[in-house]
Each structure stands twice: as structure tokens, then as C-alpha cells.
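Structural characterization, general
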Amino acid sequence: MPSVYIKNYGCQMNERDSEAVAAQLVAKGYALAPSEATADVILLNTCSVRDMAEQKALNKMENLVADARRHRPNVVLGFMGCMAQSRGQELIDRLPDVDLVVGTQKFHRTADYLDEILEGRRAKIVDVAGENGSEATIREHLPNGNAKKSVTAFVSIMQGCNQYCTFCIVPYTRGQERSRTIADIVAECRDLVSRGVKEITLLGQIVTSYGRRRPLHERSVQAPAAATSPFVQLLEAIHEIEGLERIRFTSPHPKGYGDDLVEAYGRLPKLVESAHIPVQSGSDRLLKLMHRGYTRERYLQIIDKLRRVSPNIGIGTDFIVGFPGESEDDFEKTLSLAREVEFDQAYIFKYSPRRDTPAALMPDQIPQTLREERHQRLLSVVNEIGNRRYKKLLGHLMEILVEGPSKRPERWMGRTRCNRVVVFEGSKRHQGQLMDVRITRTGSFTLYGDPAILE
């Protein structure tokens, strides 16, 4: 059978989609190539959140096409994912050597489409149509993943997004929210745990919106709808899986942090003390222009409630700098929010206009040079705060789940419950263990420790 190489761009949702497609191909007899150089089929799973991600994928495909023309004319080339969904036939019009374009609701059709192309039944295939039930088709996992994946796993619980932030293309590339059933998700998680997985991360475009659009008869009947949200009901169901040690989820929206979810951090021991809650801006004026649906005050209230329930919780976030119309005063409010919250980690993005989004047509677009300058200023503040918070952990004893080897072969890495990476001198026998380490030094958002030996 042919060999396939999948190159992934973008978020954890894309990573999970790529793994599921790979697993589906393996189940049909395809081999996974170690590199694109030896593959019979090369697929790029693309991202459209920022222009740079699209350009990287397009440039990569142009290089693959040039190489195929010179050396391997029979190699099959394809796009998957968000850019494929957004551009569709346009990609083959631009790059006629591309054979396959598969949208975000058709990942599960990839193996069948490749069969048709390789067998000569069809020359080119473009499928970006919607499909009912596609949210329940991303469930396969590679049986022999890398070392880290044998300990941790991503589980997609829903597709799509209904938020329509004015800067974001995702609702247009991923479609409306569609949730899987609790029973289906729990069955997948239980199977993963039976194969040695200790930690599961639940994925969704806005993961805390899970189940809100599902009919009531498909939801849990253990509690009235008013008592707990469908997402918290899902957490409760997964929490009951024997052998599972940790539950994470990403990426939520501040609007999903009702009191039931905040309270869950205090009563579900497997739900780790970690929350990545994108804020985007510290300015109420910009939050309204972004259509985020909360204020600075509401966001700070959520952080305060979480830290009251779980004092050691790790808080991460996303920021956008250079959004259209962002004044110096708006930006200063973002800086002050970063200082007030003292995030443990933050991803900072320079605003990138995306076609067909309202923000791309807004007046007062910020020059690239100013976006760069504000990015550096905010990054400096975030790094200073993060380094200070990490240094406070020196000498502390922290529990980690050992995921696998670090970049240096004699070192292994694990993750604390509050989502900090810890590197230590270890070996294969530590993999999958929950163990305590004493923090001996800190790096750039990395901790170093020694395994604690109890007398």
C-alpha cells in the first residue's frame, strides 16, 4: 500500500484531526512515511487563523509541486483543513498539480478519496461541503503514537463556533457548533485509558459551549439543565473513568465560566488546576468591537473566583495587539490587565486581517510596524511576570505526569497539574508515572527538577 505523510499547521484541533486521518489511513492499510521525501501521498493540514499560516502552507505546497515535477511525478498532493475549506477549488486553480482538497467536515472521507485518486477513478477531488454528523467522525487514534501520545491524548468533543468574533475566520471554516454525545465521548476516553493514556485534553473551538445546541433528550439526565451545564456534566462523566488521572480542556471562552464550572475545580480531583482563558484585550471598547461578549471587569471576576476555589491554579491567555482602531490608551489597558492578572503564560498575536471578517473592513487599520512594537512591549511584560512567578517555585515539591523524553535524550519531561513543563534526569521507566520533583532551577517558561526521594 502507498505511504502517507501529513504535515500539520495550526492549533491542537488540527493536530487531533491529522492524527485521526492518519489512523483512518493506517486502518485501510496505508503506511505512515517518516518524511515527505519518501511518501507517495503528502497532505498539508492547513490553518487560516492568521495570514502567515496560510502563506506557509501555500509556499510549502509550491515547493512540493516543483519537486514532484522534477523527481516524482506520481506523488499525490493534497490540502486539508481550514484553508482548504475557505479556498476550495481556488487552490487547484492556483496549483493545478494538487490532487485533493478536503474541507473541515470531510476529514473522514480522506482515505476513500485517496483510494479513488490512486486507483485512477478520479483525477481531482474538491469536497468542502457540510456534512451532518461529521462532529462524531474524529474518534480514531494512532495505536502506536509517539512516547508522549501514549500517556496523553486529545479528544475532540465538538466542531464549529457560533461566537463570530469580528477578527476570526473560524466560524466560516469550521461551521456552526455541533457536539458529540456524552456516551460517545466517554467511550472514546475509556478506550484510550485502557491503552495506557493517563491524561485527556478535551478539544473544541469554544470547548465550554459543548452541548448547548444539542437536543435536551441527548443530554445527561443526571441533573436538571439549570443545575449544571452540559460541559460540566461531561466533565463529571469522564471523571468517573477508572484509571484516568487527569482531565484538561482547551480552548474555552470567558462566557463559559459559570459558577458550576468554577465550582468543578474544587470538587473534581481529576480536573487539573489549569485554565487557558483567552482575553484578547484589556480595553472594553476593543472587546466590544471584537464582539467578545464580556467586559474587563467580568473577566477579572472570573479569574478572582477561580483563584478563590483553586489558589494554585495556572492561568494562561491569548492577546491580540494591533486590532483596528487600537489606541495607545487601549493598549495601555491591555498592559495593565496583564500586570493585574499576572498570567503564568500568554500567547500574543499580532492582528492579521482575514478575508470575509468584519474587522478586515474596519477603519483605522494599525500599521505593521506599530503592531510589531506593541507585540514586543506586551511580550516583555508577560515574560517578566512569568519569570518572576516561575522563580517563586524554586525549592517547591511539585507533582508531574511524565510524558516522555525531552530534547536531550538523557532528560525526560513531565507536566505539573497547573500546566508547567518540568525537565529532569530520567529514563524510560519513568514514562507514564505520576511523581514528585523538587524544583532546582528555572528557564524560559520551563522548570528543572530532581525526583523527590522520600525517606
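Preceding this paragraph is the structure being described.
Here the structure is a predicted model, which means the values were calculated and not measured.

To continue, consider the packing of helix α7 (residues 182-194) against helix α8 (residues 230-239). α8 packs onto α7 with a crossing angle of 35 degrees between their chain directions and a minimal axis gap of 10 Å. Along this stretch, α7 crosses α8, giving a crossing that reads as right-handed. On α8, the residues touching Ile182, Ile185, Val186 and Cys189 of α7 are Pro230, Gln233, Leu234, Ala237 and Ile238. Grouping the amino acids of the contact of α7 with α8 by side-chain chemistry returns 8 nonpolar, 1 polar and no charged.

Here we have 3 strands laid out as an open sheet, ordered β12-β13-β14, and parallel in their pairing. Every interior strand has two partners, whereas the edge strands, β12 (274-276) and β14 (345-350), have only one. Recorded for the sheet is a direction-independent mean angle of 10 degrees between the axes of neighbouring strands. Bridge analysis of strand β13 (residues 314-321) against β14 gives 6 bridges, and the strand direction is parallel. Among the inter-strand pairings, glycine 316 is bridged to a residue of β14, identified as glutamine 345. Helix α11 (residues 296-309) contacts β12 and β13 of the sheet and is inclined by roughly 165 degrees relative to β13.

The next point concerns the packing of aromatic side chains. Applying the stated criterion across every chain, the model contains 10 aromatic pairs. Aromatic side chains phenylalanine 231 and phenylalanine 249 sit 4.9 Å apart centroid to centroid with 80 degrees between the ring planes, which places their arrangement in the edge-to-face category. Of the two residues, phenylalanine 231 is situated in helix α8 and phenylalanine 249 in strand β11 (residues 246-250); the sequence distance between them amounts to 18 residues. Judged by its relative accessible area of 1%, phenylalanine 231 falls in the buried class. Among the residues examined, phenylalanine 249 registers a relative accessible area of 10% and is labelled buried.

Applying the stated rule across the entire model yields 1 cavity of 30 Å³ or more. Its boundaries defined by the atoms lining it, the largest cavity holds a volume of some 50 Å³. Lining of the largest cavity is provided by Cys11, Asn14, Cys47, Val49, Cys82, Val170, Arg174 and Gln205. Classifying every residue of the lining of the largest cavity gives 5 nonpolar, 2 polar and 1 charged.

Basis of the calculations
Residues numbered from 1 in each chain as written. Predicted model: local features only at pLDDT ≥ 70, side-chain atom pairs only at ≥ 80, totals over all residues. Heavy atoms only, no water. Axes fitted to C-alpha atoms, helices over the stretch in contact; angles between N-to-C directions. Helix = DSSP H or I, 4+ residues; strand = E, 2+ residues; numbered from the N terminus. Left-handed = near helix turned anticlockwise from the far one by under 90°. Contact = heavy atoms within 4.5 Å. Nonpolar A, V, L, I, M, F, W, Y, C, P; charged D, E, K, R; others polar. Pairing = 2+ DSSP bridges. Phe/Tyr/Trp six-rings, centres within 6.5 Å; stacked < 30°, edge-to-face > 60°. Buried < 20%, exposed > 50% of the residue type's maximum accessible area, 1.4 Å probe, protein only. 1 Å grid on protein atoms, 1.4 Å probe; cavity = no way out; pocket = protein on both sides within 12 Å on 5 of 7 lines; lining within 4 Å. Points joined across faces, edges and corners; volume = space filled by probe spheres on them.

All quantities given are derived from atomic positions and should not be read as evidence of function.
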